[in-house]
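# Notes for the structure review
Residue-level listing of the chains:
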Amino acid sequence: MSDHNTLGEILRERGVSRRGFLKFCTATASMMALPPTMTMAVAEALEKAPRPSVIWLSFQECTGCTESLTRSHAPTIESLIFDHVSLDYHHTLQAASGDAAEAAREEAMHAHHGKYLLVVDGSIPLGDPGFSTIAGISNLDMLKETAEGAAAIIAVGTCAAFGGLPHAAPNPTGAVSVSDIIKDKPIVNVSGCPPIPSVITGVLAHFLTFGGLPELDQYGRPMVFFGQSIHDRCYRRPFYDKGLFAETFDDEGARKGWCLYRLGCKGPMTYNACATMKWNQGTSWPIESGHGCLGCSEPDFWDAGGFYKALSIPTSDLAGAIGTGLGVGAAVGIAAGAMAHKKKTDAEHEREPLTVEQLEGES
Amino acid sequence: MTPTEFLVLTRGPLFDIAVTIFVFGIVLRLFEVLILGRKADLAAARGAEFKPGMATVMRRFVPDREKLQGSPVVTILGYLFHVGFFVCLLLFVPHIELIHSTLGISWPGLPTAMIDAVAVITMLALVGLFINRLNSKLLRFLSTFEDYFLLVVVFLTLFTGYLAFHRIVEPYPTALALHLLSVELMLVIFPFTKLMHTFTAFLGRYYNGAMYGRRGVES
Amino acid sequence: MSGTSLQRGLKAWMEEMDAPVASFFSSCVHCGICAEACLFYTETGDPKYTPIHKLEPMRRFWQQEFTLFGKLLKTVGLSKPVTDEELEEWETLVYDSCTLCGRCSMACPVGNDITYMIRKAREGFVASGHVPKGMVGAAGRAIRIGSPMGVKLSALEAQIRHIENDTGLKIPVDVEGADYMALLSSMEIMNFPEYIEALARIFKQAGVSWTLCSEAFEATNSGIQIGSKDIARQLVQRVVDGAEKLGVKYVISPECGHAYFAIRWEGPNLIGREYKFEVVHILELLDQLRAKGRLKVSEKFDERLTFHDPCQIVRKGGVLAETRNLMGMIASNFVEMEDHREHNWCCGGGGGVSSNERADELRIKVFSRKKKQLDAVAPETLVTACANCRLMLEDGLEEYHMELPVTGLTEMIAEKLVEEEK
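A short tour of the structure in this document, coming up.

Calculation notes
- Residues numbered from 1 in each chain as written.
- Chains lettered and ligands numbered in written order.
- Predicted model: local features only at pLDDT ≥ 70, side-chain atom pairs only at ≥ 80, totals over all residues.
- Heavy atoms only, no water.
- Pairing = 2+ DSSP bridges.
- Helix = DSSP H or I, 4+ residues; strand = E, 2+ residues; numbered from the N terminus.
- Contact = heavy atoms within 4.5 Å.
- Axes fitted to C-alpha atoms, helices over the stretch in contact; angles between N-to-C directions.
- Disulfide = S-S within 2.5 Å.
- Buried < 20%, exposed > 50% of the residue type's maximum accessible area, 1.4 Å probe, protein only.
- Polar contact = N/O pair within 3.5 Å; in protein donor to acceptor, adjacent residues only side chain to side chain.
- Buried area = accessible area lost by both parts, 1.4 Å probe.
- Salt bridge = Lys/Arg side-chain N within 4 Å of Asp/Glu carboxyl O.
- Nonpolar A, V, L, I, M, F, W, Y, C, P; charged D, E, K, R; others polar.
- Patch = residues over 30% accessible without salt bridge, like charges linked within 9 Å, V, L, I, M, F, W, Y side chains within 5 Å.
- Areas by Shrake-Rupley, 256 points an atom, 1.4 Å probe, with all protein chains shown as cover.
- Phe/Tyr/Trp six-rings, centres within 6.5 Å; stacked < 30°, edge-to-face > 60°.

## Regarding the sheet that holds strand S4 (residues 278-281) of chain C
All names here are of chain C. Taken in spatial order, the four strands of this open sheet run S2-S1-S3-S4, and their pairing is parallel. Pairing within the sheet leaves two strands with one partner each, and these edge strands are strand S2 (210-211) and S4. For strand S1 (residues 180-182) and strand S3 (residues 250-253), the ladder comprises three bridges, and the chain directions are parallel. For Tyr-180, the partnering residue across the bridge sits in S3 and is Tyr-250. Contacts between helix H17 (residues 282-291) and the sheet are confined to S1, S3 and S4, with S4 contributing the most and set at about 85° to the helix.

So, in C-alpha cells, the structure goes:
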C-alpha cells in the first residue's frame, strides 16, 4: 500500500501519463453517464481525492467477486484506483491473520469512524450463526458492528446484494442480503455473479469523485450500470426481432449467432452492463461466447425457473395441470351432464299433454 | 415480495392453478353441452348433415354485405380484434415457446416489430369495441356487466404484454408477472363466461349448418 | 296438473334443452348482429326486439339448471329465478315480434339458430299460460272444428261443387290408392280457391293421380305456431291417419309456409315415427313435372314479376331451386329483390303473428321492410307461394297504399298451362 495521499500522486508514481489518466477519466465519466464537460471535473476530483479507508468483509461467498476484481491480465487503472484506497481489512488479500487481522479491522473502525467505506461480499446466514464465523464472530455481529461506523456500504456481488446462491431455495442457512439487515446506512448494491470489475471500480470512482453514492435503481443498484437490460443492448437483438433463433447449442442458428432466447437466455429480465462493457478488458461476454444470459445480477436468479428454459415457459408442471384439469373436468362434467340429461328425460316422462281446454281456461 | 418472486409465483403455481381451472372448466362445460345430446330427426332428410355443418362452421368466418352494412363497427373491429389477438397469441416467439414446452409442437414466429404493430391495432380495436358498446343504443341495451368486464380483461392481457415488451413498467420481472397474472385471470374466468364461445361457436355453427343442411339449405 | 302454470312452463323448457341450445346459449357474445337481421328491430329501432334478447328468460333457466356455474350463481343469489311476471312481459316479444322466419339464424356469427330456440321457448310460454288470445282461439278451432279459421268440411265441399260447376273439372275426394293426397290451408279454401282449381287443372294435364281427404284436408298447424307439441301432434296425426287410410304414396303440402314446415319437418318427430308416405311441397312436385316434361306452359308473362320467398318453404324448408325453376318457366321479365332466397325478409305475419290480433299494429309497421324491398325493384305483380304470406302482403300493401297484385305461383302456372285433350 502506498503512503501517498492522493490518487494523482499514486498514478504518477506508477508511471501513468497525464494523457492516460485523462483517458481513464473520460471513460469513467461516460461510464457514469456524465457529460463530456465533466471529464475535467472528474480528473480534478480524482486527482485530489483523499485516501479513504476501506474495510472489506467476506461472508458466505466464493471469493469470485474478489477474483473478478483482482484477476486482471495486466495492471489497469481500475486496479490502480483500487490500490489507492487504504484497504485496511480484507481477509483474503491481507497478509495479517488471526488476532492481528481483527485488530487491523478494529483499528480502522476506530481511526476512521464515520468515514470508512464498508465493502461486503457474501450473504449473511440468519439460521444458525455457526454456519459462517470469522475469528469466532458471527457474520451478523461482525456486519452490524462494522456497519455502525461506516460512511456507506457497497454490497459487492449478488450474494451481498440479494442473498445470491446461499439464499436460493431451500436456503438452508437462512441467508439474507446486507440490506435485509442494515437499514440506516446508504447501501449500493453492485450485483452480478460476479460483478463486472469496472462496475466495482466505477462505483468507487464515483464515491471518490463526488464523495457520495450514485443514483440507484429500485434494487439499490447504480443506474448508470444497471439502467438497461442485457436484451435491449444485446448485439443479437436484431435476430430476436426478426424471429431468428438458435434451437440448440450446435445448430446452424447457433453458428450464425442468432438469438439465444429459446435456449433460455435471461437477457430480457436482466439489468447489467455486460453487453456494453463486456468482460476481460472488453474481450467478450457470455452471449457473445454463445451462451444465454443467466440473469446473475437479478434477485433470486437461481430460482427464476431454470437456466435453459425460455423466460416465457412456466416453471411448473403444466402437463400435470392439464392432466388434472382434463381428468377432473371429465369426471365432474360427465356427472353433471348425466344429471342434466336425467332431469330432461324425467321431465319428458312426467309430461302430461297440454290441451286447448287448459289453455282456454287460462287466457 | 420481490419482482422475481412475483414472477416465479405467476410463472409457477399460479399458472398451474389457472391452467387447471381452465382445462377443468372447458371440459366440464363441453360435457354439460354435449351430454344433453340431440334427438334423432325422424323427418326424411333432403340433404346431408356433416358436410353442410362443417361448411357453416367455415362460412360464418366470412363477413357478408349485410353484416358490413348493418353492424360495420362490430364486424370490422371484431375481425381486427380476433385476427390480431390470435396473431399475437400464436405468432409471438415467447408464446410459441410456451406452447412448445407444453404441447411439444412449434412453428416459426413473426418478427417482433410486426407483432408490436398488430398488438397496437388489436388494442385499439378493443377500445373501439368498448366505446361502441357504450355508444350504440342497441349494444348498450344488450350489454351486461360481463360484456364490459371481459373486454377489459382481454385488453389487459394485451396491454400488460405490450408494457412488458416495451419495458414501460420496470423492472421486467414485474412487467412479465403482471402479464402472466392478467392471462391467468382470463384463463380462470374463460370457461364460465362468454369467452367460452371460442369453443362452443364451432359446435353451434355445426349444429346450425347440420340442421339446415338436412333440410337442404346452406345456412 | 290441471291447468297451465309457471312450474309447468319451466318443466316444458327442461324437456326442450339439448346440445344445440346449450351451444347457442354458451356462444352468444351480445354482438347485436341478429338485431340487424330482424325486421322487428330494423323497422322499429327498438333494441328489445333483438332476437337473442327474446330468449333471455330461457337462457337464464338453462344456465341455472344445466350448468354447474349457473347453479352456483343461483345459490348465491347472483342469478334470479325466472318468474311468472317475467314470462308475461316476454310473451309479446316471443309471439308478437317473432315470425319464426329464421333470418337471424342465418346471420349469427357464432351460428346460433335463434329461431330453433324461439320455437322451443314457446313450449314453456304456452305451458305457463302466457300465450296470445288470438292464437289460443285458432288452436281451439283447429282442434275442435278442424281448421284454425273454423272452416268445416261442408265449406270445402261447397267450394269444390262451385269449382266443378264452373270448370267442369273433377276434384277427387277420398280416392283410396291415389298417388297423391293434397292438403289445403283454410285460407286457400276461403280466400284463394283459385289454388284448388289450379291443382285440378295441372294434375289433370300432367296425369297425376290425386285426391283430397275429407278427414284431413287442413294442412295448417296452429299447434306449431302456438308452440305446443301436444296440440301440434294431434293435428299432424289427423293428416297421417288420413293419408295412411287412403294408402297414398305422397302427401302434397299446399302453398302455405308453416304448414309445410309442420308436416314435412316437425311432423314425424311429433308423432315419434317416420311416415309411411312422402311429403312434397306443391312446388317440388310441379318442378318434378316440369323436369319430366309433363308440365308445359303456352307462353310467359310479359309483366315484371318478382318472387317473395316464404320463409318456411324456402329458407327453413329447403324448397329453393324449384321456386326459381318454375318462375323461369313462366316469367320473361323476372326480377329478384335484393335480399332473396334464404336471405329474404319475412312478410311479417308468419309464426302465428297473423292470427294474433294484438300484433296487428306492429306487423303493419314492420311491413315497411317489405315495402322498401318492393319499391327498389318495382314489380308489376308479386308472386309468392304461401297463402299466409299472400294475405299478409295484400294487407300490408293496402295499408301502405301500394297498388300491386299478389298471386300464387301455382295459379300463375295454371293460367298459362298448355291444355291438350287426352
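Read on, since the account is not over.
## Here we look at the state of the cysteines
For the structure on display, the rule yields zero disulfides over all chains. The closest cysteine sulfur to the non-disulfide-bonded Cys-159 of chain A is located on Cys-193 of chain A, 5.8 Å from its own sulfur. The thiol of Cys-101 of chain C is unpaired, and the distance to the nearest cysteine sulfur, on Cys-311 of chain C, comes to 4.7 Å.

## Notes on the side chain of Thr-160 of chain B
Residue and element names in this part refer to chain B. Its place among the elements puts Thr-160 in helix H9 (residues 145-166). Assessed through its relative accessible area of 10%, Thr-160 is described here as buried. Polar contacts involving the side chain of Thr-160 include one to the main-chain carbonyl oxygen of Thr-157, which spans 3.2 Å. In terms of polar contacts, Thr-160 uses its side chain to reach the side chain of Ser-182, at 3.0 Å. The residues contacting Thr-160, other than those within four sequence positions of it, are Ala-175, Leu-178, His-179 and Ser-182.

## Observations concerning the interface of chain B and chain C
With 51 residues of chain B at the contact, the number on the chain C side is 62 residues. Counting each side, the surface lost to burial between chain B and chain C is near 4500 Å², with a carbon and sulfur contribution of 58%. Taken as a group, Leu-42, Arg-46 and Leu-138 of chain B account for 14% of the area that chain B buries against chain C, more than any other trio of residues on that side. Joining chain B to chain C, the criterion identifies four salt bridges. A salt bridge links Arg-103 of chain C to Glu-66 of chain B, with the nearest nitrogen and oxygen atoms 2.6 Å apart. Viewed at the interface, chain C and chain B are joined by 28 residue pairs in polar contact (both at pLDDT 80 or more). Broken down by secondary-structure element, the contributors of at least two residues to the side of chain B that touches chain C are helix H2 (13-34), helix H4 (65-70), helix H5 (72-91), helix H8 (137-142) and helix H11 (197-214) of chain B. Tallied by class, residues from the side of chain B that touches chain C come to 22 nonpolar, twelve polar and 17 charged.

## Description of the pattern of salt bridges
Within the structure shown, the criterion is met by 60 salt bridges over all chains. In this structure, Arg-65 of chain B engages Asp-339 of chain C in a salt bridge whose closest nitrogen and oxygen atoms are separated by 2.8 Å. One end of the pair, Arg-65 of chain B, is in helix H4; the other, Asp-339 of chain C, is in the loop between strand S6 (331-334) and helix H19 (360-366), on a second chain. It is possible to trace a salt-bridge network through shared partners that takes in Arg-351 of chain A together with Glu-15, Glu-16, Asp-18, Arg-119, Lys-120, Glu-123, Lys-229, Asp-230, Arg-233 and Glu-266 of chain C.

## Structural notes on a nonpolar patch on the surface
A surface patch of nonpolar side chains, about 560 Å² in accessible area, is lined by Met-58, Phe-61, Val-62, Tyr-79, Val-83 and Phe-202 of chain B. With respect to the helices and strands, Val-62 of chain B occurs in the loop between helix H3 (50-59) and H4.

## Digging into the pairing of strand S1 (residues 53-58) of chain A
All names here are of chain A. Among the six residues of S1, six are classified as buried, and the element is accordingly described as predominantly covered. Neither face of S1 is exposed, since Ser-53, Ile-55 and Leu-57 on one face and Val-54, Trp-56 and Ser-58 on the opposite face are all buried. Across four bridges, S1 lies against strand S2 (residues 86-90) in parallel orientation. Its bridge partner lying in S2, Ile-55 is registered against Tyr-89. Where S1 lies against strand S3 (residues 116-121), five bridges are found, and the strand directions are parallel. The residue of S3 that forms the bridge with Val-54 is Leu-117.

## A word on the packing of aromatic side chains
Using the criterion set out here, one finds 31 aromatic pairs over all chains in the structure. A ring pair is formed by Phe-301 of chain A and Trp-302 of chain A, whose centres lie 4.8 Å apart and whose planes are at 35°; its orientation type is tilted. Given the relative accessible area of 4%, Phe-301 of chain A is considered buried. When the ring of Phe-203 of chain C is compared with that of Trp-210 of chain C, the centres are 5.2 Å apart and the planes differ by 65°; the resulting orientation is edge-to-face. The burial state of Phe-203 of chain C is the same as that of Trp-210 of chain C; both residues are buried. Within the aromatic cluster, the residues linked to one another by ring pairs are Trp-13, Phe-61, Tyr-95 and Phe-125 of chain C.

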